[in-house]
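Coordinates in review
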Amino acid sequence: MTLTGCKDEQPPPPQKVAPLEPIPAPAGLLAEVFVPNPDEAWAKARAAVGGPALFLPSNAGNLAVTLLGLPLAVSTEIDGNLPLVGALVERTGGGRPRSAMGIHVRDAGKVESLLVKGENARFQIRVDEKTSITLLEPKDGGARSIVIGLLGNYLLFAQETADLLDVGPYVARTLPTAKMPKADVAFELPREALGGPIEKGLRSSWESLRPRPRPGATAEGGKAPTPVPSPLNGLVDALLGILVELDHARITLDFDDRAAHLRLLGTPREGSAGASNLAAMTVGDPRRLLELPADTDIAVYLQDSSKSRTTDAKKYADALAAAMGKDVPEDDRAALSAALVAVAEGRGDSFTAGVSLLSTGPAIYARSDVADEGKLDEALGNLLGLAKRKSFASWLGQNEIEVSTGKTVLENLPGDIRRIRLARVDGKDDKGKKDEKASKDRKDKPAASLEGVPSTIDVLYMLGKDGLVLAGGYDAKAAFRTILESPGKENLSGRAEAKSAVAAVGDKTAFVAFVDPLRLLNRRAGKADLGPSAPVVFALGKGGEGVGANDPWMRLDVANLAIQELVKRRGAL
């Protein structure tokens, strides 16, 4: 009897749901979200994060019911091999976007039965007439942090019922029919969002991060002085300028056994200013970074044209003069602009720089191609000579800096090695006299301790067959010797993880920022064993495999070890 009974109680066949007609995108669509294979994507992400993630369920079905607070029996009805989809929509009046996500279920009727039937059922159903979404609400009438519903063969979830009803139909009816990307996770960003709320949000976020004047610093009239311009500001503004000119963009996230890879690929609008700027962008091979010294843990690579450098130099000169104040004589402003423009014209298209935290203190290194050695040599001399002009000397004095120049000699290193000495001095007023008020303020409100920081720091540079070579730090001579010799001796190419991370960027690159956070943390902790490299690499370029010649891209590659360490240290940060 038992065997017969079991044989007769076969599970019902999967519920066949008629295909739902696609509907237009909701107004204010910010992004569409696609996870083509949730099981596979979650397995990769779980391995990349490691640590606490390994205690979470191993497949998408079990993870979903855990996060949504559903009975475990529902997990068998979630198909982790079919796409998870979602959408983000701008909220009227701003604030957190409205969003809804949907995961495919094998039999929506069975899911409903598991949730609303039986003595221990915790849900009741309510069908929304307008959308046909079956809302699954708590029987006790209590509130849940996540609301859920069913439409077709998709289990929908959102933070608010209104979001589920407004965004959910587009998620369940339209997105499953879209062409699925190959990435583990993908976000499709429409043109209207890029040039509207996304730009606004990014600019607002960046404004909060821009350099600010030192606390307590005031200019004439009691107003805060303009901060010294930062090249990073120009880079971010340029990136935002390109982003808003795109016709559409795709952000993808992929995982492998070494790193997580975040990409942004865009298509510029024909005839737009952004398209023109991209056409003028020059790109190159960032593997020149690997010639920096082996101890380098922060590095940048820049490839740009003489025209763009000249334009940027003029803007930087204007911004620097504004930071110095309105009393800078016109001929000093002109001399500053001329010197910076001449440096831009004399320098070559490729530039690399790095930072190391050595036992002797921090060190900086830089290498640059040179387009016109004579012009660059003269321009650097003119630029440094500005420190002797009254307006520049006064401004440097107010910022407690004194600049002097000279020459130096390094044993067994032929060539004309120039020295720039930066000295920390007592603050001076605009007449060049000691600023007694500033000195009193420092005594009343001491600044952060400068213990161990030398009162003078040298920067050495040389022009020659190797282009422009520059180094500075607490031991400038040692740093200069290291950068000069590193191409043929120990350098970043000897660190396998660093080499592969930089090489993966490709040879169509305009900018690279490289950081090895684990080694930096171990250096700061004074550890002799710095451990393996775990690079974080951000890059910007255009063209390359699989994209148009002038299509821009950005990428962020984060080593799995860095992700795991960040997760481990999150409570201490």
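A brief look at the structure comes next. (Residues numbered from 1 in each chain as written. Predicted model: local features only at pLDDT ≥ 70, side-chain atom pairs only at ≥ 80, totals over all residues. Heavy atoms only, no water.)

All right, on to the overall build of the chain then. Across its full length, the chain carries 18 helices and 20 strands. Taking all 573 residues of the chain together, the buried fraction comes to 43%. Here the contacts in the chain between residues at least 6 apart in sequence split such that 64% fall between residues at least 24 apart. Counting only carbon and sulfur atoms, one obtains 55% of the accessible surface of the chain, whose full area is about 30500 Å². (Helix = DSSP H or I, 4+ residues; strand = E, 2+ residues; numbered from the N terminus. Buried < 20%, exposed > 50% of the residue type's maximum accessible area, 1.4 Å probe, protein only. Contact = heavy atoms within 4.5 Å. Areas by Shrake-Rupley, 256 points an atom, 1.4 Å probe, with all protein chains shown as cover.)

Another aspect to go through is the pairing of strand E20 (residues 552-559). In terms of burial, E20 is a largely internal element, seven of the eight residues being buried. The pairing of strand E10 (residues 259-268) with E20 spans seven bridges and is classified as antiparallel. When the bridges of E20 are listed, Leu264 appears paired with Met554. In the sheet, strand E19 (residues 536-542) pairs with E20 via seven bridges, with the strands oriented antiparallel. Residue pairing in the sheet places Ala539 in a bridge with Arg555 of E20. (Pairing = 2+ DSSP bridges.)

All right, on to the side chain of Ser533 then. The residue Ser533 is located in the loop between helix H17 (517-524) and E19 in this model. On the accessibility criterion, Ser533 (6% relative accessible area) is buried. Within the local environment of Ser533, its side chain forms a polar contact with the side chain of Arg495, the two groups lying 3.1 Å apart. For Ser533, the side chain forms a polar contact with the side chain of Asp516, separated by 2.9 Å. Excluding residues within four positions of it along the chain, Ser533 makes contact with Arg495, Glu497, Ala498, Asp516, Arg519 and Leu561. (Polar contact = N/O pair within 3.5 Å; in protein donor to acceptor, adjacent residues only side chain to side chain.)

This next bit is on unusual backbone geometry. The backbone phi angle of Ser132 is positive, close to 65 degrees, even though this residue is not glycine. For Ser132, the position within the fold is in the loop between strand E4 (123-127) and strand E5 (134-138). A positive phi angle, near 65 degrees, is found at Glu400, a position not held by glycine. On the accessibility criterion, Glu400 (24% relative accessible area) is partly exposed.

Let us now look at the nonpolar core. Ranked by internal contacts, the top residues of the largest apolar core, which has 29 residues, are Phe480 and Val512. The element that contributes the greatest number of residues to this core is helix H15 (residues 476-485), accounting for five residues. (Core = buried A, V, L, I, M, F, W, Y, C linked by side-chain atoms within 4.5 Å.)

Moving on, we come to the environment of Pro22. Along the chain, Pro22 turns up in the loop between helix H1 (2-8) and strand E1 (29-35). Among the residues examined, Pro22 registers a relative accessible area of 46% and is labelled partly exposed. Along the chain, Pro22 and Pro169 lie 147 residues apart, while their C-alpha atoms are 8.8 Å from each other.

Glancing now at the pattern of salt bridges. Enumeration according to the criterion identifies 31 salt bridges in this entry. The shortest N-O distance in the salt bridge between Lys375 and Glu345 comes to 2.5 Å. Linking Lys375 in helix H12 (residues 373-385) with Glu345 in helix H11 (residues 330-346), this pair joins segments that are 30 residues apart in sequence. One salt-bridge network, held together by shared partners, links Asp295, Asp297, Arg495, Asp516, Arg519 and Arg523. (Salt bridge = Lys/Arg side-chain N within 4 Å of Asp/Glu carboxyl O.)

Moving on, we get to the pairing of strand E3 (residues 98-104). Within E3, six of the seven residues are buried, which leaves the element mostly enclosed by the surrounding structure. Strand direction decides the pairing type here: strand E2 (residues 84-89) and E3, joined by six bridges, are antiparallel. Paired with Ala87 across the strands is Ala100, a residue of E3. For E3 and strand E7 (residues 154-158), the ladder comprises four bridges, and the chain directions are antiparallel. Counted as the bridge partner of Ile103 is Leu155 from E7.

Between helix H2 (residues 38-49) and helix H18 (residues 560-569), whose axes approach to 7 Å, the crossing angle comes to 70 degrees. Taken together, the axes of H2 and H18 are roughly perpendicular relative to one another. Here H2 contributes Ala47, Ala48 and Val49 to the contact with H18, which in turn contributes Asn560, Ile563, Gln564 and Val567. Looking at the contact of H2 with H18 residue by residue, the classes come out as five nonpolar, two polar and no charged. (Axes fitted to C-alpha atoms, helices over the stretch in contact; angles between N-to-C directions. Parallel < 35°, antiparallel > 145°, perpendicular 65-115°, else oblique. Nonpolar A, V, L, I, M, F, W, Y, C, P; charged D, E, K, R; others polar.)

The next thing to look at is H15. Residues of H15 that are buried include every one of Ala476, Ala479, Phe480, Ile483 and Leu484, and no others. Along H15, the residues classed as buried sweep out an arc of 130 degrees about the axis, all on the same side. Residues of H15 that are buried in the fold lie against strand E13 (361-370), strand E14 (401-410), strand E15 (413-424), strand E16 (456-464) and strand E17 (467-473). (Arc of directions from axis to C-beta.)

We now examine the environment of Pro24. Of note, Pro24 is situated in the loop between H1 and E1. Note on Pro24: relative accessible area 68%, which makes it exposed.

The terminal C-alpha atoms of helix H10 (residues 306-324), which comprises 19 residues, lie 27 Å apart, in line with the 27 Å expected from a rise of 1.5 Å per residue. Those residues of H10 that fall on the buried side of the exposure criterion are Arg309, Thr310, Ala313, Ala317, Leu320, Ala321, Ala323 and Met324. Projected onto a plane normal to the axis of H10, the buried residues spread over an arc of 150 degrees and lie on a single side. Opposite the packed face of H10, turned more than 90 degrees from it, sit the exposed residues Lys307, Lys315 and Asp318. On the buried face of H10, the contacting elements are H11, strand E12 (347-358) and helix H13 (390-398). Just past H10, the residue Gly325 takes up positive phi, approximately 115 degrees. (Expected span 1.5 Å × (residues − 1).)

Within this model, the second largest pocket holds a volume of roughly 1100 Å³. Lining of the second largest pocket is provided by 34 residues; of these, Ile198, Gly201, Leu202, Leu240 and Leu243 occupy positions nearest its centre. Broken down by secondary-structure element, the contributors of at least two residues to the lining of the second largest pocket are E1, helix H7 (197-207), helix H8 (231-243), E10 and E20. For the lining of the second largest pocket, the per-class residue count stands at 24 nonpolar, five polar and five charged. (1 Å grid on protein atoms, 1.4 Å probe; cavity = no way out; pocket = protein on both sides within 12 Å on 5 of 7 lines; lining within 4 Å. Points joined across faces, edges and corners; volume = space filled by probe spheres on them.)

Another point: the packing of H10 against H11. At a minimum axis separation of 8 Å, H10 and H11 run at an interaxial angle of 155 degrees. Regarding the angle of H10 to H11, the classification is roughly antiparallel. The handedness of the crossing between H10 and H11 comes out as right-handed. Across from Ser306, Arg309, Thr310, Ala313, Lys314, Tyr316, Ala317, Leu320, Ala321 and Ala322 in H10, the residues of H11 making contact are Arg333, Leu336, Ser337, Leu340, Val341, Ala344 and Glu345. (Left-handed = near helix turned anticlockwise from the far one by under 90°.)

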